Every structure is written in C-alpha cells, then in structure tokens.
Amino acid sequence: MTEIAASNFRHAQRHIRLDTILRLRWLAVLGQLAAIFIVAQGLEFNVEIVPCVSIIALSAALNLALQTAANPMRRLEPMQAAGLLALNIVELAGLLYFTGGLQNPFSFLFLAPVLISATALPARFTFGLGLLAVACASVLFFFHLPLPWDSDDPLVLPPIYLVGVWLSIVLAIGVTSLYSFQVTEEARKLADALAATELVLTREQHLTQLDGLAAAAAHELGTPLATIFLISRELEKTVKDASFAADLKTLREQTQRCRDILSKITQLSSTGAPFDRMKLSELIEEVVAPHRDFGVEIKVRIAVAIVAEPVGSRNPAILYGVGNIVENAVDFARTTVEVNAWWNKDMIELVISDDGPGIPPDILKRIGEPYLSRRRTMDEGGGERRGLGLGVFIARTLLERTGAKVSFTNRTFPEYGAVVQITWPRQRFEAIETFEETIG
C-alpha cells in the first residue's frame, strides 16, 4: 500500500499575509480615532487627546513603514505575525491607560489579537499573547487615569465590579481562544487529511495507468520482435560460417528473452488496466496476497449464493481502502485475520475481523477522524507499532466515495478483536467508474 507520512500534512507552517495584519491595524487606527473624536467632541468629555493621538499616530506610522518597506502580499513567519499582534495589545493598553483602564468598555478588545492568533498561529504563540493580554489588563486594574466622564456627575465603579471586569476578560481570552483554536485545528486537520487522500488516490491511479502503458508497449513491441526472431532463426540455418552462426544464435536467444519479458509484463498487466473487470473473490485475493507472509493466517471465506458473483471494475480506491483495513488487521492480530464476503441481488458485504486487542471504546466512537491514533503498543518482537491514524481516514473516505458504508465494531465478549464491515449497493459496485467519478 502507498504510505503518506501524516507529518507532511499535519505540521505544515501557518502563515498570515502582511496585508491581512495591516488591514486590521488600519481598521483599529480608524476606530480609535473615531472613538476619541466622538467622546471629546460629541459627548464633550475630558479626554487626554495628545497622548492618545500620539499612540495612534505611532501605530499609523508603523503601518505606513511596513506597507512601504515590505510587500504586503508576503507571508509572515509565525514569530513576525505574533510580534505585530503583541504590538496591538501594547498599543491598546496604552490607550486604555489614558482613558480609564478596565472601566473603559473597550477593554474587551484585548480579546481580538488573541483570537486572531488562535485561528492562524501555533498554540505557543496564542498562549504567549494571552498571557501578555492578561498582564496588561492586570496592570490597568491598578494603574490608569480616570475614565472620561461628566465632571458634574463623576462615575465611580466599586472595586468588586472592576474585579469582575478583569475576571471576565481573563475568562473570555481563555475560553474563546481555546474554542477558536479547537475549531480551526479540526478544520485544518480535515483539510490536510483530505489533501492526503486525494494524493493517495492519484498515486494509485498512476500505478494502474503505468500497468496499462506497459501492456500497450508489450503489445506494440511484440510484432517487430517476432519478426527479428524469425529472421535470425532462418539466417542461423543458412549461414555456414561458425562465428556468424554463433552471433545469430545469440541474437535469436536475446530476442526470445525480450519476448519472454514482454509476455510477463502482459500477464502482470492483464488485470491492471484502469477499466478491467474482476470478480469480488479476485479483488479480495489481490488485496490479501501482499499480507500473507507476515506470520498471521488470513482466512478468506466466500459465501455460496444463488445469484451470480458480483463483477466490478478494478477501482484503485477500493483496492487501497480495503487493503489498508486488511493491513491494519494484520498489524494488530495475534494469529488470525478473517475476510468474509457474501452478496445477494441488492447488496455486497465484506467483513474483515482479527483476533487482536480490538478498538478502545474511546477511539471506537471517533473512528474515521483524521489523525486519530491509539496509544503506542509493543509487538511480540519488542518494536513499537501505531494504528488507526491517517490511514484509516483515507481508507474510509475512499471507500465511501465508491458508494460503500463502512462501520467499525468489536467482537462480542468473550471473543475479542476488531470488526470492520464494508457494504456496497450491488448496482454501484458493478458499475464502471472512471477516475474522475471516484474523486468527484
């Protein structure tokens, strides 16, 4: 089976465009200027305009410098993006210091940079930005200028209320960031796993296409090689010179050797063309054959039915999907793997079971999710083995795209081991599917 390293997809770098950060920073600059104008001019409250505008001007100057010096379309490294988000937090803390600290209702904007980090940056940067935001909120709890308000009727908030504000900011940063990170991570893992699935299917299809090309080449080369063989044999009979006869004999033998090689290629490719038809029993044998020499007995049972045996296309998705499940069964079986098949006029069912430890209940409920793996176990040879990771997700996805329903269970006590049931509508299984239909 074709193998894909999960780490090639799962640990891909996460990059944010500079343009995205700059747009958010410009939005913050405009919003801050508007807020100060409304409070100072519209509400006529006493605001420390000079220091506030100075902080906003520094932020705008940095935006202009970044926009001028660097290509806004470039992808920032996680450290660089985290640095700009940290600067946003510090700038907001400076503005809040001059406008009431945690008494200012805009203090909850500490949450914004942390949420952006949770959806786009690795967890360690999100954790660091969260700590920075909490630290700034804690400092503002003790040190800040009065909240801009009507001087004739000053607003005095009790300390217990400010403690509640501080606590709500901390909880909002923690809970919403964790939730956003989890949702984004699940979506990212699913997208990466689907990309791996498409790559596997493409590789399997490529192999079947190579088989078809080999068969075509063997067919085309067969005729000229036969002609060379016949002419060399006739010349060998008529030439009297012993040295020439020896050379002609060598030519005839090598030509025959080429014909034998092409004959083997034709035999290997006879069931490997993309649109070949094969019985269900032949498909099972092709999938099972590579796993018979690993010290585990594989028992194949084909139920006798009144209706004729199903015949389907040699679909790479089915071969890979069923093969991956058989491979998992062999990996975890103690002595035996059973592959049972039966059919009727409407349905085809394939059941693959082993006598291994079975699937843990906590994993059984989530089987088929990408990157789901059981804890490492030691095999009899003392080596580590893994199971139920990205491969099961790929196998299940490919099989379901061929119309199959895949279910995972454990054997009923006192028996033990995992059981995988694959069911197709017979009409769908016997239909000839092209590669585009399989991945569509």
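Residues numbered from 1 in each chain as written. Predicted model: local features only at pLDDT ≥ 70, side-chain atom pairs only at ≥ 80, totals over all residues. Heavy atoms only, no water.

K.L.:
Honestly, the overall build of the chain in this entry has me stumped. Any pointers?
P.N.:
Looking only at helices and strands, the chain features 14 helices and 11 strands. Working note: accessible area of the chain is about 24,300 Å², and carbon and sulfur atoms make up 62% of it. (Helix = DSSP H or I, 4+ residues; strand = E, 2+ residues; numbered from the N terminus. Areas by Shrake-Rupley, 256 points an atom, 1.4 Å probe, with all protein chains shown as cover.)

K.L.:
Explain helix H2 (residues 18-42) to me, please; I cannot follow it from the model alone.
P.N.:
In an α-helix, one full turn covers 3.6 residues, which means residues spaced three or four apart are oriented alike. Between its terminal C-alpha atoms H2 stretches 35 Å, which fits the 36 Å expected from 25 residues at 1.5 Å a residue. Every buried residue of H2 is listed here: Leu-18, Asp-19, Ile-21, Leu-22, Arg-25, Val-29, Gln-32, Ile-36 and Ala-40. (Expected span 1.5 Å × (residues − 1). Buried < 20%, exposed > 50% of the residue type's maximum accessible area, 1.4 Å probe, protein only.)

K.L.:
Quick question: what am I supposed to make of the pattern of salt bridges here?
P.N.:
Side chains that carry opposite charge are capable of pairing whenever their charged atoms lie near each other. Per the stated rule, a full pass over the model turns up 7 salt bridges. Salt-bridge contacts for Glu-338 lead to Arg-411; the nearest nitrogen and oxygen are separated by 3.9 Å. Within this pair, whereas Glu-338 is found in strand S6 (residues 336-343), its partner Arg-411 is found in the loop between strand S10 (405-410) and strand S11 (418-425), the two being separated by 73 residues in sequence. We classify Arg-411 as partly exposed; its relative accessible area is 22%. Sharing partners across several salt bridges, the network here consists of Arg-301, Glu-338 and Arg-411. (Salt bridge = Lys/Arg side-chain N within 4 Å of Asp/Glu carboxyl O.)

K.L.:
Looking at this structure, how should I read the nonpolar core?
P.N.:
One broad rule of soluble globular proteins: the nonpolar side chains tend to lie buried together. Core analysis: the largest hydrophobic core is formed by 37 residues, its most contacted members being Val-322, Val-337, Ile-352, Ile-422 and Trp-424. For this core, the element with the highest residue contribution is helix H10 (residues 316-332), accounting for 7 residues. Once residues lying within four places of it in the same chain are set aside, the contact partners of Trp-424 are Ile-318, Val-322, Asp-346, Met-347, Ile-348, Leu-350, Leu-399, Thr-402, Gly-403, Ala-404 and Phe-429. Core analysis: the second largest hydrophobic core is formed by 30 residues, Ala-86, Ala-133, Cys-136 and Ala-137 among them. (Core = buried A, V, L, I, M, F, W, Y, C linked by side-chain atoms within 4.5 Å. Contact = heavy atoms within 4.5 Å.)

K.L.:
Which parts of the structure should I look at to understand unusual backbone geometry?
P.N.:
With the exception of glycine, the majority of residues adopt a negative phi angle, and the majority of peptide bonds are in the trans configuration. Residues Phe-413 and Pro-414 are joined by a peptide bond in cis, for which omega reads 15 degrees. Mapped onto the elements of the fold, Pro-414 is located in the loop between S10 and S11. Within the chain, Glu-44 stands out as a residue other than glycine whose phi angle is a positive 60 degrees.

K.L.:
I would appreciate a short explanation of the sheet that holds S10 in the present structure.
P.N.:
Whether parallel or antiparallel, the strands of a sheet pair through hydrogen bonds between backbone atoms. One open sheet accounts for 5 strands, arranged S4-S6-S7-S11-S10; its pairing is mixed. Lying at the two open borders of the sheet, with one neighbouring strand each, are strand S4 (297-302) and S10. Across the sheet, the mean angle from the axis of one strand to that of its neighbour is 15 degrees, orientation sign disregarded. Taken together, the 6 bridges between S4 and S6 define a ladder with parallel strand orientation. Bridged to Ile-298 within S6 is Val-337. Across the face of the sheet, H10 comes into contact with S4, S6, strand S7 (347-354) and S11 while running at roughly 25 degrees to S7. (Pairing = 2+ DSSP bridges. Axes fitted to C-alpha atoms, helices over the stretch in contact; angles between N-to-C directions.)

K.L.:
Even after reading the chapter, I still don't get the environment of Ile-49, so can you show me in this structure?
P.N.:
Checked against the element boundaries, Ile-49 lands in helix H3 (residues 49-69). Spatially, the C-alpha atom of Ile-49 lies 8.9 Å from that of Phe-98, the residues being 49 residues apart in sequence.

K.L.:
What is the right way to look at the packing of H2 against H3 in this model?
P.N.:
In helix packing, the relevant descriptors are the interaxial angle and the interaxial distance, both defined with respect to the helix axes. It is the contact of H2 with H3, at a shortest axis distance of 10 Å, that shows an interaxial angle of 160 degrees. If you check the angle between H2 and H3, you find them roughly antiparallel. Judged by the sense of rotation from one axis to the other, the crossing of H2 with H3 is left-handed. For the pair H2 and H3, contact is made by Leu-18, Leu-22, Arg-25, Trp-26, Val-29, Gln-32, Leu-33, Ile-36 and Ala-40 and by Ile-49, Cys-52, Ile-56, Ser-59, Ala-60, Leu-62, Asn-63, Leu-64, Leu-66 and Gln-67, respectively. (Parallel < 35°, antiparallel > 145°, perpendicular 65-115°, else oblique. Left-handed = near helix turned anticlockwise from the far one by under 90°.)

K.L.:
I would appreciate a short explanation of the side chain of Glu-91 in the present structure.
P.N.:
Examined against the element boundaries, Glu-91 turns out to sit in helix H4 (residues 78-98). In this structure, Glu-91 is in contact with Arg-25, Ile-55 and Ser-59, ignoring residues within four places of it in sequence.

K.L.:
Would you mind showing me how to read the packing of H3 against H4 here?
P.N.:
At a minimum axis separation of 8 Å, H3 and H4 run at an interaxial angle of 165 degrees. The pairing of H3 with H4 is recorded here as roughly antiparallel in orientation. For the pair H3 and H4, the crossing hand works out as left-handed. Contacts from Pro-51, Cys-52, Ile-55, Ile-56, Ser-59, Leu-62 and Leu-66 in H3 reach Leu-84, Leu-87, Glu-91, Gly-94, Leu-95 and Phe-98 in H4.

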